[in-house]
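# Tertiary structure, described
Residue strings, one per chain:
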Amino acid sequence: MYTLSIAFSFLSVIGLYATSDRLEIQKNYILRWFFERTDLAYLLAGLSFIFSTLLLIDLIGTAAGILASIILWMLIASSLVFFAPLKKVGPLHLGLTLLVLNVVETLIIPMLS
């Protein structure tokens, strides 16, 4: 469930990042889709942020969930702003990161408990 929250937070950040007029990287794949449909991108970004926050609130409580959601969103936003112009992180890297997070969440953490 934490991986799902991270994925929705990333979708929120990338939706808002792609609608920026000052975006300096090449708009391809999802970035171009978001850039061409700014109203839908804002709606999708807002809804995914709210869903991610509600999911974290359900998992760890109200105050901790809101705080974790804000910290997670800031971490993803700052990482995206830092790494995106370098063109070092691609869709493959993001997919592998989500896969590793999902494996850690579903296999390794329950074994430690």
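This section reports on the structure supplied with the text. (Residues numbered from 1 in each chain as written. Predicted model: local features only at pLDDT ≥ 70, side-chain atom pairs only at ≥ 80, totals over all residues. Heavy atoms only, no water.)

Each aromatic ring pair is specified by the distance between its two centres and by the angle formed by the two planes. For the coordinates displayed, the defined rule picks out 2 aromatic pairs. Ring centres of Phe-8 and Phe-51 lie 4.7 Å apart, and the angle between their planes is 70 degrees; this geometry places the pair in the edge-to-face category. With a gap of 43 residues between them, Phe-8 in helix 1 (residues 2–18) and Phe-51 in helix 3 (residues 38–60) connect regions that are remote in the sequence. You can call Phe-8 partly exposed: its relative accessible area is 26%. Residue Phe-51 is classed as partly exposed on the basis of its relative accessible area of 37%. Summarising the aromatic geometry, the rings of Phe-49 and Trp-73 are spaced 6.0 Å apart at their centres and angled 75 degrees between planes, so their arrangement reads as edge-to-face. Taken together, the positions of Phe-49 in helix 3 and Trp-73 in helix 4 (residues 62–83) put the pair 24 residues apart, joining distant regions of the chain. The partly exposed category is assigned to Phe-49, whose relative accessible area is 28%. (Phe/Tyr/Trp six-rings, centres within 6.5 Å; stacked < 30°, edge-to-face > 60°. Helix = DSSP H or I, 4+ residues; strand = E, 2+ residues; numbered from the N terminus. Buried < 20%, exposed > 50% of the residue type's maximum accessible area, 1.4 Å probe, protein only.)

Keep in mind these numbers describe shape, not what the thing actually does.
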